[in-house]
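Notes for the structure review
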Amino acid sequence: MDKPAVMQLKKDISKSRKDTAVRQTMRRLSKNKSAMFGAILFGAIVIICVFAPVFAPYGPNDLDLTSINSFPTLKHPFGTDALGRDCMSRLIYGGRYSLAMGFAGSIVGIVGGTIGGCVAGDFSGRTDSVIMRLCDLVAAIPGQLLSIIISCALGSTFFNTVLALSVGGIPFQIRLLRANVLRARQEEYIEAAQAYNCGPIRIMFRHLMPNTISPLLINFTMGIGGTIMGAAGLSFIGLGVQPPTPEWGAMLSAGRNYIRQYPHLIIFPGLVIMVTVFAVNLFGDGLRDALDPKMKH
């Protein structure tokens, strides 16, 4: 059998193995009831927020001057704020910003960690040393403090907030992927790729990255909840999304002055954040178990 035929056969075998692994992972994930509950719950929240004009009874900034600081009623199920705006509508619209920051912050962290980890693990020596020392420098600063510093320095725009939330988690992602790459470099398929004169860039993107990405997928899922919490924290202290834009953390910040007289201004945004993060973490735990059956209890 000639060399092109051998290479094609290996590609077919590799594709078949990947398809089998994906099917097995999805089968294990579908059997995890808590993970599926989390996925359905989080999916419902995302759908409601994406199609906010369909589900929200009012606009996010519509004023009802006859119902200022109203407690929950049939007309306003979650009550109204100090300007007479419907809290439920603002929570639905605000989910767009909170969820978008959660996804975007996790994506930036994963992309940065993937590139840095693969480069550090595949190119040893000075390159690895420089990347890891930079990681040590960033990791020495507490994540929340780093987010506050970046937000104060760059301003409170959407992009700057996402950058502030994602930078602190990149060193952890780099260390995680670097460890997996160093472990994968000892495998026989890497030696086979080197024997076929594959270049380091091709080995990194074609062989190392696809076979070490599972932990990053888990961290991406779990990181969404953490980023949503971080975004809410920045907005709570006035460094995230600015009024009158609806955002869950900003709504918490606006309602804290009325916590004794009108507790619904704090309770409902807090519950929405809690339920969203709970759903993401349920799915993340199930995904972790599905990708690594040895972690099943």
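Residues numbered from 1 in each chain as written. Predicted model: local features only at pLDDT ≥ 70, side-chain atom pairs only at ≥ 80, totals over all residues. Heavy atoms only, no water.

A word on the overall build of the chain
Condition: Runs of H or I in DSSP of at least four residues are treated as helices and runs of E of at least two as strands, each being numbered from the N terminus. Buried means the residue's accessible area, taken with a 1.4 Å probe over protein chains only, is under 20% of the maximum for its type, while exposed means over 50%, and partly exposed covers the values in between. Here, two residues are considered to be in contact whenever any of their heavy atoms come within 4.5 Å of each other. Reported accessibility uses the Shrake-Rupley method at a 1.4 Å probe radius. Residues are deemed covered only where the shown protein chains occlude them.
Check the secondary structure of the chain and you find 13 helices and zero strands. Listed by position from the N terminus, the elements making up the chain come as α-α-α-α-α-α-α-α-α-α-α-α-α. A buried classification covers 40% of the 297 residues belonging to the chain. In the chain, of all internal contacts separated by at least 6 residues, the share reaching a separation of at least 24 is 71%. Of the roughly 16,000 Å² that the chain leaves accessible, carbon and sulfur atoms contribute 66%.

Quick word on helix α6 (residues 143-154)
We apply this condition: Expected span, for any helix, means 1.5 Å times one less than how many residues it has. To obtain the arc, one takes the directions from the helix axis to the C-beta atoms.
The first and last C-alpha atoms of α6 sit 16 Å apart over 12 residues, in line with the 16 Å expected at 1.5 Å per residue. Every buried residue of α6 is listed here: Leu146, Ser147, Ile150 and Ser151. When α6 is viewed along its axis, its buried side chains cluster within an angular range of 130° and face the same direction. Those residues of α6 that are exposed and angled more than 90 degrees off the buried face are Cys152 and Ala153. Turning to α6, the residues buried within the fold contact α5 (126-139), α7 (158-167) and α11 (214-236). The positive-phi residue at the C-terminal boundary of α6 is glycine 155, with phi of around 105°.

Here's the deal with the packing of helix α2 (residues 33-50) against helix α13 (residues 264-291)
Stated precisely, the cut-off is as follows: The angle between two axes is taken between their N-to-C directions and runs from 0 to 180 degrees, where each axis is a line fitted to C-alpha atoms and a helix contributes only its stretch in contact. Put simply, angles under 35 degrees are roughly parallel, angles over 145 are roughly antiparallel, angles from 65 to 115 are roughly perpendicular, and the rest are oblique. What makes a crossing left-handed is the near helix being turned counterclockwise from the far one by less than a right angle; a clockwise turn instead makes it right-handed. Note on residue classes: Ala, Val, Leu, Ile, Met, Phe, Trp, Tyr, Cys and Pro are nonpolar, Asp, Glu, Lys and Arg are charged, and everything else, Gly too, is polar.
Running from amino to carboxyl end, α2 crosses α13 at an angle of 140°, the nearest separation of the two axes being 7 Å. When the axes of α2 and α13 are compared, the pair comes out oblique. Where α2 crosses over α13, the handedness of that crossing is left-handed. In contact with Ser34, Ala35, Phe37, Gly38, Ala39, Leu41, Phe42 and Ile45 of α2, α13 contributes Val275, Thr276, Phe278, Ala279, Val280, Leu282, Phe283 and Gly286. A breakdown of the residues in the contact of α2 with α13 according to their chemical character gives 12 nonpolar, four polar and no charged.

Quick notes on the environment of tyrosine 58
Here tyrosine 58 shows up in the loop between α3 (52-55) and α4 (87-122). When the C-alpha atoms of tyrosine 58 and aspartate 86 are compared, they prove to be 6.8 Å apart, with 28 residues separating the residues in sequence. Beyond its immediate chain neighbours, meaning those up to four positions away, tyrosine 58 contacts Lys75, His76, Asp86, Ser89 and Tyr93.

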